[in-house]
Amino acid sequence: MWESIARLVLKFRLFWLIALLTLTGFMAFRASRVQLSYDFNSAIPTDNPKYKAYQEFRKLFGEDGNLLVIGVQTDKLFQLPVFTDYIAMNEALKKVPGVDDVLGISSAVNLERDTVGQKMRAVPIFPAHPVSQAAIDSGKAVLLGLPFYEGLLFNRQTGTWLTAVHVNKAVMNSAQRIVTVNGITKLVDSFGQRNGLDMHYSGLPLIRTRMATKVASETRWFLLGSVLMLSLILFLFFRSVSTMLLSLAVVIIGVVFSFGTLDLLGYKITLLNALTPTLVVVIGIPNCIYFMNKYHTAYRDTGDKREALVVMIGRMGVVTLFCNLTAAIGFGVFALTRSSILNEFGVVAGINIMALFFISFILIPVVLSYLPAPRPGHTRYLENRMLSAVLRRLERWTLHHQGMIYFLTALAVAVSIVGMLRLRSEGFIVDDLPQKDKLHADLKFFEKNFKGVMPLEIVIDTKRRKGLRAGMVKTLDSIDRLSAYIAAQPDMARPLSLVEGLKFVRQAYYGTDSTGYIVPNGVDLELIVAYLNLNGAKSAEGAKNNNNLTKLLLSFVDSNQQRLRVSIQMADIGSRRLPAVLSDLQHQTDRLFDSSKYKVTFTGTSVTYLEGSSFIIKGLKDSILWAFVLIAACMLFLFRNLRILICSLVPNVIPLVITAGIMGWAGVRLRPSTVIVFSIALGIAIDITIRFLVNYKQVGNAEGAEKAVIDTINTTGISILYTSLVLTAGFVIFCFSDFGGILALGWLTSLTLVISTVTNLVFLPVLLLGLTRKKKKAD
């Protein structure tokens, strides 16, 4: 059948070539429209309860991750020249497009009681244009005497000062945020350079922006790097410019298809599916090597170019089809998960790996039919002395050291299983940030001085409209106790809530020092509410007369006065510790809030990250099982032999076990970027097994098992070694990534492929011979 298809392809070669080029032009047009994704986390299904709770929170209170924080540790901030420049920097920040507000030391206010107007007046602590050092020193003394700002804008013990920049929600989810964030950092860097200060940045707007720009940059460099590296390998392999260019044409068309597919399906470029074009290059080149290797072998044997092309298509068509199918399964199983980011990656990668088969199947034989026949120098690689010596040594091991191979394999598996027991699953919100990046160091700076910047939100629902008014004193007191407990924890900052604002107002109302910063009682509340005009705050007139503090207080209560928000900034403590922390907080809220009157919900980026990370890891573990089952089904369909099925799976399971063991011994954590390695490596590595077993089956009927194994090692060994080199080199490219997850994907997949090559060229032949002998004895 495949030879008939081969003759059909060659007969209508011009039609197939025009059709392929036309489709490529269409996909190039769609590829030109693909956009970069600016969503931070799309790991959780939309029907997940944690996702729904987070969306409800955003609907009631707005975004929880729009603050970009700026920190500086110095004892000279309040010197007149420096502070004047600091004020100018804050004013300039407010004018950056996309910035909604800036809260810093220079814009901090104190409250004064206006007995005539019956209201609280917000009074700037520092003058807008200070002219003397005394004015600044006076303001600093006032600031340090206000507990409300302690831990929010400054850390008294370490001499660290913080400025918070609120980025517009619409800007956060668009390409404009890159301009906004760069504008902010440029102004702050200039301030630091002028005054000799080391400035620090953090917050989700900055993290998301840096990740998006690095994704775009690395996509281009990895694509270029993989093309250049593999081009060099192809030229050294085939010693032919035309063969190298033909192979590059195959993968370039595949890359165009991958970007075009993104746009056709309505997807955007994410951290994960940005890998697809490079993967297409890495997986497409082996297709070219096997096709060209068979073509050159057939031409050397027949001396007829057309007959060699027919043999190439007839012999390699079914093999390449199943190789691409198993590789597509390795990626495509991610489409079975309900995580959108994994789903998109699986769909796009799976479709385009299969598209590579059709591109190779059409383009390579059609173009070769127009090119001159291979010259002797083009087929010289078939007699590579060094590789021939390697293959002869493999042959001797297979025939004469089978017991030793079994023993060493069993020993490696046993040690690896012990290593697997040391594996632990743990992820961090900033896992993908480069460890050497200043942003990572800055995050640790804020964790040290302000206990972190990762948002955790607690929503306290009174279960009825205007429920806050009923038992308000008790509710506020319970929130204050919860806040005190949280503030005492080493990884969580003092929470910000309605309670903290009312304590600030009470201190101002009575004109006391920091000892007056306590929760107001019932009498206090009646007086304070009248001064704040909270009841009319949401009206047009009320909004006009509101000061910033009133607006801040109202941002912690929903419009129905039913739910209150407690906002916490915490350290990135990881998915292993976070459940215990949340469980402890749940225990405290159960103790403080009667479940019949209150409903307490934990949400925010920290919670959704934990849920998303757990969901992805579970989905990836399921995908490995699905990949194994589907690939086994393909092997059974292809070979229709249970013995061959066992021989195809065992040599590819062993590398996965060894890689998992190495991860355990090396202390590599199980997280999405490392779990994903196993199904990808299984889908790619099985290609080697297929090509080995297909050749073994083709010659095994005419010759004995031992002769068939030796012949297979010598006929397919060279192309297997070259293909493994290409695949390993392709994934090694990812080791140069600044993202820890992609770097881990690179070296772990490369390691697995190297081990898989060894098991398929050493252990698989021994296994085939062993099972064949057992079958003969049974017969």
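A quick note: this is a predicted structure, and the numbers were derived from the prediction, not measured. (Residues numbered from 1 in each chain as written. Predicted model: local features only at pLDDT ≥ 70, side-chain atom pairs only at ≥ 80, totals over all residues. Heavy atoms only, no water.)

Draft legend 1. Representation of a nonpolar patch on the surface in the model. Together, Met 404, Phe 407, Leu 408, Leu 411, Val 415, Val 418 and Trp 665 give the surface a local cluster of nonpolar side chains, amounting to about 680 Å² of exposed area. The topology assignment puts Val 415 in helix H14 (residues 402–420). (Patch = residues over 30% accessible without salt bridge, like charges linked within 9 Å, V, L, I, M, F, W, Y side chains within 5 Å. Areas by Shrake-Rupley, 256 points an atom, 1.4 Å probe, with all protein chains shown as cover. Salt bridge = Lys/Arg side-chain N within 4 Å of Asp/Glu carboxyl O. Helix = DSSP H or I, 4+ residues; strand = E, 2+ residues; numbered from the N terminus.)

Draft legend 2. Quick look at the environment of Arg 494. Looking at the secondary structure, you find Arg 494 in the loop between helix H16 (472–487) and helix H17 (498–510). Look at Arg 494 and you get partly exposed, because its relative accessible area is 28%. Between the alpha carbons of Arg 494 and Leu 14 there is a distance of 72 Å; along the sequence they are 480 residues apart. Aside from chain neighbours lying at most four places away, what touches Arg 494 is Pro 147, Phe 148, Tyr 149, Glu 150, Ala 487, Glu 500 and Tyr 517. At a separation of 2.7 Å, a polar atom in the side chain of Arg 494 contacts the side chain of Glu 500. There is a polar contact of 3.4 Å between the side chain of Arg 494 and the side chain of Tyr 517. (Buried < 20%, exposed > 50% of the residue type's maximum accessible area, 1.4 Å probe, protein only. Contact = heavy atoms within 4.5 Å. Polar contact = N/O pair within 3.5 Å; in protein donor to acceptor, adjacent residues only side chain to side chain.)

Draft legend 3. Just unusual backbone geometry, in detail. Although it is not a glycine, Lys 463 adopts a positive phi angle of roughly 70 degrees. In this structure, Lys 463 sits in the loop between strand S8 (454–461) and H16. The exposure class of Lys 463 is partly exposed, given its relative accessible area of 43%.

Draft legend 4. Just the packing of aromatic side chains, in detail. Applying the stated criterion across every chain, the model contains 23 aromatic pairs. Each ring, one from Phe 83 and one from Phe 126, has its centre 4.7 Å from the other, and the planes form 50 degrees; the classification is tilted. Of this pair, Phe 83 sits in helix H4 (residues 80–94) while Phe 126 sits in the loop between strand S4 (119–124) and helix H5 (133–144), and the two are 43 residues apart along the sequence. Taking 5.8 Å as the distance between ring centres and 75 degrees as the angle between the ring planes, the aromatic pair formed by Tyr 149 and Phe 504 counts as edge-to-face. Of this pair, Tyr 149 sits in the loop between H5 and strand S5 (154–155) while Phe 504 sits in helix H17; the two residues are 355 residues apart in sequence, bridging distant segments of the chain. (Phe/Tyr/Trp six-rings, centres within 6.5 Å; stacked < 30°, edge-to-face > 60°.)

Draft legend 5. The sheet that holds strand S9 (residues 563–570), seen in detail. Taken in spatial order, the three strands line up as S9-S8-S10 in an open sheet, and their pairing is antiparallel. In this open sheet, the two edge strands, each paired with only one partner strand, are S9 and strand S10 (599–603). Along the sheet, successive strands turn relative to each other by an average axial angle of 20 degrees, direction set aside. Note that S8 and S10 share five bridges and pair antiparallel. Each residue of the ladder has a partner; that of Ile 458, found in S10, is Phe 602. Along the sheet face, helix H21 (residues 578–592) touches S8, S9 and S10 and points at about 160 degrees away from the line of S10. (Pairing = 2+ DSSP bridges. Axes fitted to C-alpha atoms, helices over the stretch in contact; angles between N-to-C directions.)

Draft legend 6. Structural view of the nonpolar core. Counting 251 residues, the largest nonpolar core has Leu 143, Tyr 149 and Ile 184 as the members making the most contacts within it. Considering each element in turn, this core owes the most residues, 17 residues, to helix H24 (residues 672–700). Apart from the residues within four sequence positions on either side, Ile 184 is in contact with Leu 68, Ile 70, Leu 93, Val 96, Val 99, Val 165 and Val 167. (Core = buried A, V, L, I, M, F, W, Y, C linked by side-chain atoms within 4.5 Å.)

Draft legend 7. Geometry of the pattern of salt bridges. The tally for this structure, following the rule as stated, stands at 18 salt bridges. For Asp 477, the salt bridge is made with Arg 481, and the minimal N-O distance between the two is 3.2 Å. One end of the pair, Asp 477, and the other, Arg 481, are both in helix H16, four residues apart, so they sit about a helical turn from each other. The class for Asp 477 is partly exposed, based on a relative accessible area of 29%. Of the charged contacts in the structure, one is a salt bridge between Lys 503 and Glu 500, with a shortest N-O distance of 3.6 Å. On the criterion of helical spacing, the pair formed by Lys 503 and Glu 500 is a turn pair, its members being three residues apart in helix H17. Exposure remark for Lys 503: the relative accessible area of 9% places this residue in the buried category.

Draft legend 8. Structural context of the environment of Leu 153. Note that Leu 153 resides in the loop between H5 and S5. With a relative accessible area of 0%, Leu 153 lands in the buried category. Residues in contact with Leu 153, not counting those within four places in the same chain, are Leu 103, Gly 104, Ile 105, Ala 108, Thr 160, Trp 161, Leu 162 and Phe 450.

Draft legend 9. Structural view of the environment of Asp 524. Along the chain, the position of Asp 524 falls in helix H18 (residues 522–532). In this structure the C-alpha to C-alpha distance between Asp 524 and Tyr 510, which are 14 residues apart in sequence, comes to 9.6 Å.

Draft legend 10. Summary view of helix H7 (residues 176–195). For H7, spanning 20 residues, the distance from its first C-alpha to its last is 29 Å, which sits close to the expected 28 Å at 1.5 Å a residue. Regarding H7, the residues found buried are Arg 177, Ile 178, Thr 180, Val 181, Ile 184, Thr 185, Val 188, Phe 191, Gly 192 and Asn 195. End-on view of H7: buried residues confined to an arc of 165 degrees, all on one side of the axis. Facing away from the buried side of H7 by more than 90 degrees, the exposed set consists of Val 179, Lys 186, Gln 193 and Arg 194. Just past H7, the residue Gly 196 takes up positive phi, approximately 65 degrees. (Expected span 1.5 Å × (residues − 1). Arc of directions from axis to C-beta.)

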